[in-house]
Structures are given as structure tokens and as C-alpha cells.
Amino acid sequence: LTPRLRAGFAQNRFFCLGGERTGSTLHVDPHFTGAWNTLLCGEKRWVLFPPDTAPDEIGVPTDLRDRLRTPCAYWWHDWYPRLAAKGGDGERLGLREVVQRAGETIYVPPGWWHAVLNHGWTIAVTENQLSPQTLPRTWPQLLPDGDRSARLARALRRLRPELLPAIGAEANEDDGGSTTG
């Protein structure tokens, strides 16, 4: 999609179509968002780790290029067996596993590491959501993106003014591109 065409789509809602052994690499959703995922057909295997898990203990590449270029199936082949084995580190690290089937919805809380492996063809819909409880931690991450933070501040001012103290803003401030943080 071109940037102009992409700008017309929601940045937090996705329609996902995946084939055998595709999915997502181990990651944390951005800006302290949580996400729900509803599987319409197929089967997905999920693995989750609590927010305080050290990335190097669960096989998250330190180099961004490696993170973006490594197929998700490699993690499942190289790291999952070590972590999930009896006596492996998975239990100590809080590993959670879920097999999601058609018609089921899973919720991934903010900050949780997770990876997904598709068993056959899958179709899913998903949405990331920013909860009011995570707003104080999320706001500093959003501030550098002046347009996004200004839009959020305006929306809060209009729809949820009681949340303005969480971002250090006043109800009568103007946020024409930059907001208080």
C-alpha cells in the first residue's frame, strides 16, 4: 500500500491471513497496548511470557535487522523446545501456552511477550487497545510523535477529560501539535 492509501486505514485493527508455519516472532505490542485476537478459521499456537522477562532469556534477537528478517518458525524450532522441555527455563520464566481454535478469542495484556505459529491456513481479526491504566506509562512513548500525541490529547479532552491528569494536561490547554507530558 502507498503511504497515502495506508493513512486511510486504522493503525490498530488488522485482518490476518496466514499459511502453515507462518505467524509472528516473539515481540511485545507497541505503546503498552493490549490486544485481542479472534480466530475465524484454522488453529494458532501461542506462547506468552510476563512483561518482566528478560528478552535474551527467551531468544529475542538483540539486533533489529535480525528481529525483522528471522522467520517465526526459527524461534519455535530453536528456542521453544529448550524453554518448554521438562526442567527447561520456561516454567521459571512464566511461560504460558495456548492453542487457539476457530471461534476463540485470546487477549494479550500490555507488555507481555508473545509469539504465534499458525497450524495450517488461518484467518483472524485483531485489535490493539490502549487502556486508561497504562496511559501514564504510554504517554512518554507517544510524545515524540507530535501528531499522534496531539490527536490523542484532543480525543481525551473531548471524550474522556477525567484522564487528562494521567498525561499531565489540563482541560483547557491547546494541543495544536505539541502537548504537555
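The structure this text deals with has already been given above.
Residues numbered from 1 in each chain as written. Predicted model: local features only at pLDDT ≥ 70, side-chain atom pairs only at ≥ 80, totals over all residues. Heavy atoms only, no water.

1. Some details on the environment of Glu 97
Link 1 in the chain: Among the structural elements, Glu 97 can be located in strand β4 (residues 96-101).
Link 2 in the chain: Residue Glu 97 is classed as partly exposed on the basis of its relative accessible area of 38%.
Link 3 in the chain: Separated by 48 residues in sequence, Glu 97 and Phe 49 place their C-alpha atoms 9.1 Å apart.
Link 4 in the chain: Beyond its immediate chain neighbours, meaning those up to four positions away, Glu 97 contacts Arg 45, Trp 46, Val 47, Tyr 80 and Ala 84.
Link 5 in the chain: Within the structure, Glu 97 has its side chain in polar contact with the side chain of Arg 45 (distance 3.0 Å).
Link 6 in the chain: Reaching out from Glu 97, the side chain makes a polar contact with the side chain of Tyr 80 at a distance of 2.4 Å. (Helix = DSSP H or I, 4+ residues; strand = E, 2+ residues; numbered from the N terminus. Buried < 20%, exposed > 50% of the residue type's maximum accessible area, 1.4 Å probe, protein only. Contact = heavy atoms within 4.5 Å. Polar contact = N/O pair within 3.5 Å; in protein donor to acceptor, adjacent residues only side chain to side chain.)

2. Some remarks on the pattern of salt bridges
Link 1 in the chain: For the structure on display, the rule yields six salt bridges.
Link 2 in the chain: Between Glu 43 and Arg 101 there is a salt bridge, and its shortest N-O distance comes to 3.4 Å. With Glu 43 in strand β3 (residues 34-49) and Arg 101 in strand β4, this residue pair connects regions lying 58 residues apart in the sequence.
Link 3 in the chain: Overall, Glu 43 belongs to the partly exposed group, its relative accessible area being 24%.
Link 4 in the chain: Classification of Arg 101 as partly exposed rests on a relative accessible area of 43%.
Link 5 in the chain: Between Asp 145 and Arg 148 there is a salt bridge, with the nearest N and O atoms lying 3.8 Å from each other.
Link 6 in the chain: On the accessibility criterion, Arg 148 (31% relative accessible area) is partly exposed. (Salt bridge = Lys/Arg side-chain N within 4 Å of Asp/Glu carboxyl O.)

3. Here's the deal with the environment of Ala 166
Link 1 in the chain: With respect to the secondary-structure elements, Ala 166 resides in the segment after α7 (146-159).
Link 2 in the chain: Look at Ala 166 and you get partly exposed, because its relative accessible area is 30%.
Link 3 in the chain: In this structure the C-alpha to C-alpha distance between Ala 166 and Pro 132, which are 34 residues apart in sequence, comes to 8.4 Å.
Link 4 in the chain: With near-sequence residues (within four places) excluded, Ala 166 lies in contact with Leu 135 and Pro 136.

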